[in-house]
Amino acid sequence: MTQTGKVKQPHRESSLLIIGAGTFGTSLAVHASKACAGGSHITIIDRWSPDASVHDKNAAAVDINRIIRTDYASPLYSRLAHEAIHFWSWGMEYQGHFHKAGWVVFDGPEHDDSFRKHVQQTAEERGSNAVDLIDVKEFINKHEILSGLSKERTGDCYRNPKAGWVKAANATKAYLRIAESRGVRRVTGEVEELLMRDDGIGLKGVRLHDGTTLEADRVVVAAGAWTSSLLSPLEDRLNIAHKDRIERQVTAVGRLSAYYKLSEGEVMEMMEAKLPIIVLGRELDIIPPFFHIPYLKVNDLKTEFTNTVTTGSRQQITAPDIRHQKQVPLELVRRSEKIIKSNLPDWAQSRTPEHWRICYDAVTPTEDWVLSQHPDGRLKNMFVAVGGSFHSYKFLPVAGKYLLNVLNGKSNGEEMDQAWKWKDETELRQKSAKEFGQSPQRLNRLDLQDMKRKTRL
């Protein structure tokens with residue numbers, strides 16, 4: 001009891017609604033629930049059920065596999081990746097999800113060694129040596145998939161045996177179960193509208209397509225490539241200027257992956273040869289098969305595209321196409337096939353992928369995250385967590401820790417605060433890249449709408 005004789009009321013955690021159960025949303029749900037006595041004040045919503053088939057989900061945090069590595073030219077993301085890989089390797093939550101296959105990175109046809117040298121510099125600054133140069137000819141001869149290549153085509157290469165891959169859909173589902181076990185409520189549904197409070201200051205919550213309303217004291221939008229399409233109607237209602245809209249911070253971008261179905265013998269042959277993850281310049285990365293995953297997955301890093309749509313207010317935004325992720329336009333398939341066959345000249349010539357898949361992610365000009373309170377004073381209780389930029393799934397175990405600091409008004413340190421802030425026009429023009437160093441293909445992305453118009457002509 002207090003000195004006045006009144007019973008002291010227990011502290012009530014402010015309610016939290018997380019939109020999106022991908023990398024940032026799931027990680028936040030876990031860390032926020034661990035920071036309190038439980039997670040009963042937290043609700044996380046996603047359009048896809050965690051038990052739905054991976055083939056029906058086209059988000060970046062769900063697929064048969066995702067690469068986990070610590071090699072970055074950026075010291076910041078290298079540190080974060082080392083923090084994350086400890087959990088992937090040893091954390092009880094991830095036992096059985098991480099497969100340490102190692103990876104080998106080639107400079108590529110232009111013999112651009114800048115990524116390799118920056119990775120080496122970053123590693124040396126950490127007191128380690130992640131860059132182990134290996135014999136190109138010997139490596140090519142060992143792995144049939146690389147038959148027909150030569151050092152003149154690939155450039156030099158290095159190996160890091162600590163890298164690997166995880167079955168992303170299963171790992172994300174397992175991590176979300178931790179949050180649910182701590183009381184976090186998981187809702188399957190699609191957000192139709194963001195609702196403002198009656199006084200016009202702050203979000204009240206959301207309305208789903210089925211009419212369900214969810215309310216909370218704070219709202220985090222972690223919707224990945226769907227972020228702009230989700231926020232655009234609200235930005236219209238509030239008459240937010242174009243330069244202050246989320247579309248200025250992120251672009252919804254698509255990439256293609258080819259899935260080659262392998263025989264049992266081919267799977268065993270690649271496993272016995274200890275085929276690692278292979279990165280061929282900035283053009284392809286190849287993820288090896290496994291017992292229960294009889295696919296060789298080839299990610300096209302070069303063919304990037306957008307889907308530009310015009311809203312009712314005549315604003316142009318980028319958003320994932322409404323078609324199923326396996327319905328890939330023929331023009332994109334042609335372009336990607338050309339890249340794959342030029343990099344796998346013998347192996348891919350007589351093979352056809354069992355299927356293609358479009359993966360969408362939200363990409364920022366600097367490939368940094370955006371972990372920020374919305375700058376508009378009318379949206380002071382809304383936070384944005386976006387900008388995976390095709391390299392952020394590996395941070396699932398740790399991203400939520402830093403996002404929680406942002407929600408609580410705590411600094412993550414000057415370097416992180418600057419990297420993840422809502423950027424102004426000058427900062428947005430300072431383009432850079434984090435995935436594999438500089439990425440010139442981002443200057444000339446294709447657009448699905450342009451391809452549709454050309455097809456009709």
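Residues numbered from 1 in each chain as written. Predicted model: local features only at pLDDT ≥ 70, side-chain atom pairs only at ≥ 80, totals over all residues. Heavy atoms only, no water.

- The chain goes by FAD dependent oxidoreductase domain-containing protein in an unreviewed UniProt entry, where it is assigned to Pseudopithomyces chartarum.
- Check the Cofactor (unreviewed entry) section of the UniProt entry for the chain; it says "FAD". (UniProt positions renumbered as here; feature names shortened; annotations may be inferred.)

**Details of the overall build of the chain**
- For the chain, the count of helices and strands is 13 helices and 23 strands.
- Over its C-alpha atoms the chain spans a radius of gyration of 23 Å, differing by no more than 12% from the 23 Å that the globule rule assigns to 457 residues.
- C-alpha atoms of the chain, sized along the principal axes, occupy 80 × 60 × 45 Å.
- Residue pairs at least 24 apart in sequence account for 77% of intrachain contacts in the chain once pairs closer than 6 positions are excluded.
- Total accessible area computed for the chain in this model is approximately 20300 Å², and 49% of it derives from carbon and sulfur atoms.
- Mean positive and mean negative side-chain charge positions of the chain (64 and 59 charges, respectively) differ by 3 Å. (Helix = DSSP H or I, 4+ residues; strand = E, 2+ residues; numbered from the N terminus. Rg over C-alpha atoms; globule rule 2.2 N^0.38 Å. Contact = heavy atoms within 4.5 Å. Areas by Shrake-Rupley, 256 points an atom, 1.4 Å probe, with all protein chains shown as cover. Lys, Arg positive; Asp, Glu negative; His and termini not counted. Charge placed at Lys NZ, Arg CZ, Asp CG, Glu CD.)

**Observations concerning the environment of Gln327**
- Assignment of secondary structure puts Gln327 in the loop between β19 (316-318) and α9 (330-343).
- Sequence separation between Gln327 and Ile358 is 31 residues, and the spatial gap between their C-alpha atoms is 8.1 Å.

**Quick look at helix α7 (residues 227-237)**
- Along α7, the residues classified as buried are Thr227, Ser228, Leu230, Leu231, Ser232, Leu234 and Glu235.
- Where the residues of α7 are buried, they touch β1 (16-19), β10 (191-196), β11 (203-208), β13 (218-221), β19 and β22 (382-386).
- Asn239 sits one or two positions beyond α7 and adopts a positive phi of about 55°. (Buried < 20%, exposed > 50% of the residue type's maximum accessible area, 1.4 Å probe, protein only.)

**So, the packing of aromatic side chains**
- This structure, assessed with the given rule, holds 16 aromatic pairs.
- Both rings, one in Tyr72 and one in Phe395, keep their centres 6.1 Å apart while their planes meet at 35°; by these two values the pair is tilted. Residue Tyr72 is found in the loop between β3 (66-68) and α2 (75-90), and its partner Phe395 is found in the loop between β22 and α10 (399-407); the two are separated by 323 residues along the sequence. Comparing Tyr72 with Phe395, the two get one shared label, buried. (Phe/Tyr/Trp six-rings, centres within 6.5 Å; stacked < 30°, edge-to-face > 60°.)

**Section: the packing of helix α1 (residues 23-34) against α10**
- Remark: α1 packs on α10, axes separated minimally by 7 Å, with the N-to-C direction vectors making an angle of 75°. On the basis of their axis angle, the class for α1 and α10 is roughly perpendicular. Between α1, through Phe24, Ser27, Leu28, His31 and Ala32, and α10, the contact on the second element is made entirely by Ala399, Gly400, Lys401, Leu403, Leu404 and Leu407.
- Its residues assigned to classes, the contact of α1 with α10 comprises seven nonpolar, three polar and one charged. (Axes fitted to C-alpha atoms, helices over the stretch in contact; angles between N-to-C directions. Parallel < 35°, antiparallel > 145°, perpendicular 65-115°, else oblique. Nonpolar A, V, L, I, M, F, W, Y, C, P; charged D, E, K, R; others polar.)

**Some points on the environment of Thr352**
- Checked against the element boundaries, Thr352 lands in the loop between α9 and β20 (355-363).
- As for Thr352 and Tyr260, which are separated by 92 residues in sequence, their C-alpha atoms are 7.0 Å apart.

**A look at the sheet that holds β3**
- Spatially, β3-β8-β4 is the arrangement adopted by the three strands of the open sheet, whose pairing is antiparallel. One side of each edge strand has no neighbouring strand; the edge strands of this open sheet are β3 and β4 (98-99).
- Looking at chain direction, β4 and strand β8 (residues 164-166) are connected through two bridges and run antiparallel. Along β8, the bridge assignment pairs Phe98 with Val166. (Pairing = 2+ DSSP bridges.)

**Points about the pairing of β10**
- Here β10 pairs with β11 via five bridges, running antiparallel. By the bridge assignment for β11, Glu193 is matched with Arg207.
- Where β10 hands over to β11, the hairpin turn is made up of six residues, of which Gly200 adopts a positive phi near 80°.

**Comments concerning the nonpolar core**
- Membership of the largest hydrophobic core comes to 71 residues, with the highest contact counts inside it found for Leu296 and Leu344.
- Ignoring any residue separated from it by four or fewer positions in sequence, one finds Leu344 in contact with Ile145, Leu146, Leu280, Leu284, Ile286 and Gln349.
- Of all hydrophobic cores here, the second largest spans 47 residues; its members include Ala21, Ala32, Leu176 and Ala222. (Core = buried A, V, L, I, M, F, W, Y, C linked by side-chain atoms within 4.5 Å.)

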